[in-house]
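For reference, the chains in residue letters:
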Amino acid sequence: MWNYLDYNDPAIESRKCYEVCRKHGKPVIVMEPVKGGNLVRLPEQAKTVLDHLNGGSHASYAIRFAAGFEGILMVLSGMSDMEQMEDNVGYMKDFKPLDGKEMEAVEKVRDIFRSMNFISCTSCRYCTAGCPKKISIPDLFAVMNAKRIHHDWNADYYYSVVHTAGGKGKASDCVQCGKCEQACPQHLPIRELLKEVAKEFEK
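Remember, it's a predicted structure, so these values are computed and weren't measured experimentally. (Residues numbered from 1 in each chain as written. Predicted model: local features only at pLDDT ≥ 70, side-chain atom pairs only at ≥ 80, totals over all residues. Heavy atoms only, no water.)

A. Focus on the packing of aromatic side chains. A complete count under the given rule lists 11 aromatic pairs for this structure. On the numbers, 4.7 Å between centres and 65° between planes, the contact of F113 with F118 is edge-to-face. Given a relative accessible area of 13%, F118 falls into the buried group. Ring-pair connections join several aromatic residues into one group, and the members of that group are W2, Y4, Y7, Y18, F65 and F69. (Phe/Tyr/Trp six-rings, centres within 6.5 Å; stacked < 30°, edge-to-face > 60°. Buried < 20%, exposed > 50% of the residue type's maximum accessible area, 1.4 Å probe, protein only.)

B. Structural view of the pattern of salt bridges. Inspection of the entire model under this criterion finds 16 salt bridges. Note that K47 and E44 form a salt bridge whose closest N and O atoms lie 3.2 Å from each other. With K47 and E44 both in helix α2 (residues 44–51), this residue pair falls three residues apart, about one helical turn. In this structure, the salt-bridge partner of D111 is R110, at a minimum N-O distance of 3.7 Å. Through salt bridges with shared partners, a single network forms among K147, D156, E200 and K203. (Salt bridge = Lys/Arg side-chain N within 4 Å of Asp/Glu carboxyl O. Helix = DSSP H or I, 4+ residues; strand = E, 2+ residues; numbered from the N terminus.)

C. Layout of a nonpolar patch on the surface. There is a patch of nonpolar side chains on the surface, built from I29, M31, L73, M74 and L76 and spanning about 480 Å² of accessible area. Structurally, M31 can be placed in the loop between β1 (28–30) and α2. Residue M31 is classed as partly exposed on the basis of its relative accessible area of 47%. (Patch = residues over 30% accessible without salt bridge, like charges linked within 9 Å, V, L, I, M, F, W, Y side chains within 5 Å. Areas by Shrake-Rupley, 256 points an atom, 1.4 Å probe, with all protein chains shown as cover.)

D. Structural context of the side chain of R110. Tracing the chain through its elements places R110 in helix α5 (residues 100–115). Classification of R110 by relative accessible area gives buried; the value is 15%. Excluding anything up to four places from it in sequence, R110 contacts Y4, L5 and N8. (Contact = heavy atoms within 4.5 Å.)

E. Representation of the packing of α2 against α5 in the model. α5 packs onto α2 with a crossing angle of 180° between their chain directions and a minimal axis gap of 9 Å. As the angle between them shows, α2 and α5 are arranged roughly antiparallel. Here Q45, A46, V49 and L50 of α2 lie close against α5, whose contacting residues are A105, V106, K108, V109 and I112. The residue makeup of the contact of α2 with α5, split by class, is seven nonpolar, one polar and one charged. (Axes fitted to C-alpha atoms, helices over the stretch in contact; angles between N-to-C directions. Parallel < 35°, antiparallel > 145°, perpendicular 65-115°, else oblique. Nonpolar A, V, L, I, M, F, W, Y, C, P; charged D, E, K, R; others polar.)

F. A look at helix α6 (residues 137–149). Compared with the 18 Å implied by 1.5 Å per residue over 13 residues, the 18 Å span of α6 between its first and last C-alpha is a close match. Across the 13 residues that make up α6, a large majority, 10, are buried. Taken together, the buried positions of α6 are occupied by I137, P138, D139, L140, F141, V143, M144, N145, A146 and I149. Against α5, α7 (155–163), α8 (179–183) and α9 (190–201) lie the buried residues of α6. H151 lies just past α6 and shows a positive phi near 50°. (Expected span 1.5 Å × (residues − 1).)

G. Representation of the packing of α6 against α7 in the model. Contact geometry for α6 and α7: axes closest at 9 Å, N-to-C directions at 165°. In this view, α6 runs roughly antiparallel relative to α7, as classed from their interaxial angle. As α6 packs across α7, the resulting crossing turns out to be right-handed. Of the residues in α7, those in contact with D139, L140, V143 and K147 of α6 are A155, D156, Y158, Y159 and H163. Along the lines of polarity and charge, the residues of the contact of α6 with α7 split into five nonpolar, one polar and three charged. (Left-handed = near helix turned anticlockwise from the far one by under 90°.)

H. Inspection of the nonpolar core at higher detail. Residues W2, Y4, L50, I72, V109 and F113 are the most contacted members of the largest nonpolar core, which totals 34 residues. Residue assignment for this core shows that the elements contributing at least two residues are β1, α2, α3 (58–67), β2 (72–75) and α5. Element by element, the count of residues in this core is highest for α3, at seven residues. (Core = buried A, V, L, I, M, F, W, Y, C linked by side-chain atoms within 4.5 Å.)

I. Representation of unusual backbone geometry in the model. With a phi close to 55°, E32 is a non-glycine residue in the positive phi region. Note on placement: E32 falls in the loop between β1 and α2.

And the structure:
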């Protein structure tokens, strides 16, 4: 996981992993440069920071950050449509690393996310396979982020009617077995986070 949100995160240790690769002369292939889309779907305050730059897409700053380090062989970016592909190709064709002003801006965006208690889930869903209560953990974290960051009034509806209905587990159903945390590549404290989700949505 290599993106400007995770770069110095002590739980993920992207920077440390990169430094080990460079020490041994190994090329680096980047995954999650836009953190599962989270660095595109920005909170308003963060959008404002990037929109004051040179007109690039929000994804472009994230991917250029990832590609701008020495020894990066490839940046794997998930794309959903032709517009996203053309955007990616456009700024990678004549690639320029982030300049000082742009680097300062992405650092501000990172600080905004952290101040909002953003849950750094990328929806890989590795955590759900072994859950004995069939809790759709990434979806519950997504609605929590939507409520905290975007103040989305639909979040409660999605929690109750979409993600925990029909036999799907609620956050409070967690039995604290820890299987999810063993599978999580982001090393999230999922059990504690589920308690926060339950407190927010199961009042």
